[in-house]
Amino acid sequence: MKKKLVSLTLAVVMLFSVSLAFAKTVEMEDTDYEHLAGIVVNATVGEYDEVSKTLTVTLYEDDAYDIEDVLKLEAGDVFLAGGHLFKVKEVKLEEDGSVHVTTEEGEEMYFITVGDEDMIVQSSINDRRYMHAFAILHLPVAENLVYEDDSDPEKENAVVTTGLEEILKIKAEKEETSIGFDYYSTIIELNENLEIVRIHQDYDVAQ
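Notes on the structure in this doc start here. (Residues numbered from 1 in each chain as written. Predicted model: local features only at pLDDT ≥ 70, side-chain atom pairs only at ≥ 80, totals over all residues. Heavy atoms only, no water.)

## Some remarks on the overall build of the protein
(1) Moving on: Per the secondary structure count, the protein includes three helices and 12 strands.
(2) Moving on: Across the 207 residues that make up the protein, the buried fraction comes to 35%.
(3) Moving on: In the protein, the proportion of contacts linking residues at least 24 apart, taken out of those at least 6 apart, comes to 50%.
(4) Moving on: Surface exposure of the protein reaches about 13400 Å², of which carbon and sulfur atoms provide 52%. (Helix = DSSP H or I, 4+ residues; strand = E, 2+ residues; numbered from the N terminus. Buried < 20%, exposed > 50% of the residue type's maximum accessible area, 1.4 Å probe, protein only. Contact = heavy atoms within 4.5 Å. Areas by Shrake-Rupley, 256 points an atom, 1.4 Å probe, with all protein chains shown as cover.)

## Digging into the packing of aromatic side chains
(1) Moving on: Considering all chains together, one arrives at seven aromatic pairs under this definition.
(2) Moving on: Their ring planes at 80° and their centres at 5.2 Å tell us that tyrosine 65 and phenylalanine 111 sit as a pair that is edge-to-face. Taken as a pair, tyrosine 65 in strand 3 (residues 64-66) and phenylalanine 111 in strand 7 (residues 108-114) lie far apart in primary sequence, 46 residues in all. Note on accessibility: tyrosine 65 and phenylalanine 111 belong to one class, buried. (Phe/Tyr/Trp six-rings, centres within 6.5 Å; stacked < 30°, edge-to-face > 60°.)

## Topic: the sheet that holds strand 4 (residues 78-81)
(1) Moving on: In space, the six strands of this open sheet follow the order 3-8-7-6-5-4, with antiparallel pairing throughout. Sheet topology places strand 3 and strand 4 at the edges, where each strand pairs with a single neighbour. This sheet shows a mean twist of 45° between the axes of neighbouring strands, independent of strand direction. (Pairing = 2+ DSSP bridges. Axes fitted to C-alpha atoms, helices over the stretch in contact; angles between N-to-C directions.)

## Some words on the side chain of asparagine 42
(1) Moving on: Along the chain, asparagine 42 falls in strand 1 (residues 40-49).
(2) Moving on: A distance of 3.3 Å separates polar atoms of two side chains, one belonging to asparagine 42 and the other to arginine 129. (Polar contact = N/O pair within 3.5 Å; in protein donor to acceptor, adjacent residues only side chain to side chain.)

## Some points on helix 3 (residues 164-177)
Since the α-helix packs 3.6 residues into each turn, any two residues three or four apart lie on the same face.
(1) Moving on: Look at helix 3: 20 Å from first C-alpha to last across 14 residues, which is about the 20 Å you get at 1.5 Å a residue.
(2) Moving on: Three or more residues of helix 3 are buried, namely Leu164, Ile167, Lys171 and Lys174. Each buried residue of helix 3 lies within a common arc of 85° when the element is viewed along its axis, so the set occupies one face. Exposed residues lying more than 90 degrees from the buried face of helix 3 are Glu165, Glu173, Glu176 and Thr177.
(3) Moving on: Where helix 3 is buried, its residues meet strand 1, strand 9 (131-150), strand 10 (159-162) and strand 12 (196-202). (Expected span 1.5 Å × (residues − 1). Arc of directions from axis to C-beta.)

## Digging into the layout of surface pockets
(1) Moving on: Size it by volume and the largest pocket reaches roughly 240 Å³.
(2) Moving on: Around the largest pocket sit 14 residues that line it, and Arg129, Tyr184, Ser185, Tyr203 and Asp204 are the ones nearest its centre.
(3) Moving on: If you add up the space inside the second largest pocket, you get close to 160 Å³.
(4) Moving on: In terms of lining residues, the second largest pocket is bounded by Ala81, Gly82, His84, Phe86, Ser123, Asn126, Arg128, Arg129, Tyr130, Met131, Tyr183 and Tyr184. (1 Å grid on protein atoms, 1.4 Å probe; cavity = no way out; pocket = protein on both sides within 12 Å on 5 of 7 lines; lining within 4 Å. Points joined across faces, edges and corners; volume = space filled by probe spheres on them.)

Here's what the structure looks like:
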């Protein structure tokens, strides 16, 4: 009887081990959260939680507009961009197909075609794309987490730092002296287990 019990226990352990080996990440059926595994996305990197061993990240995506809707814009119309409402003052169709919009608020923007049906919008002053947050997640970091600092326009190559401890020191310093790991200039890469494997930072006019 004892031999049978031991054999059964071993079988359960082996079965559990095999199931872990083939484990997959299951994601919610939500358009805002689908297909996060393996993506590269703009993100603001927030606090690191020592207890859960996770970084809080706020993910952003470009505001997208139907081309036909943008081409119909005229003075007096209102549109939403970057979480703010803007009232159209003047619209001009450029030779390259972009749409230049001056707003009553004094902003100048360009709507640019991406793909076959959509346009995104960016500021003509600093080239920032207008985005919106679509997820706040608490994600683990991979053992070989890499930070690529390409924020200095005078340096030809990015400065690469490996390891969470050193990267957190850099993050703290940038939060004191600059904009931190802000989504305007920061992207993160996730692996298939939704672990953060790379943080990349480009130059931004606000830093």
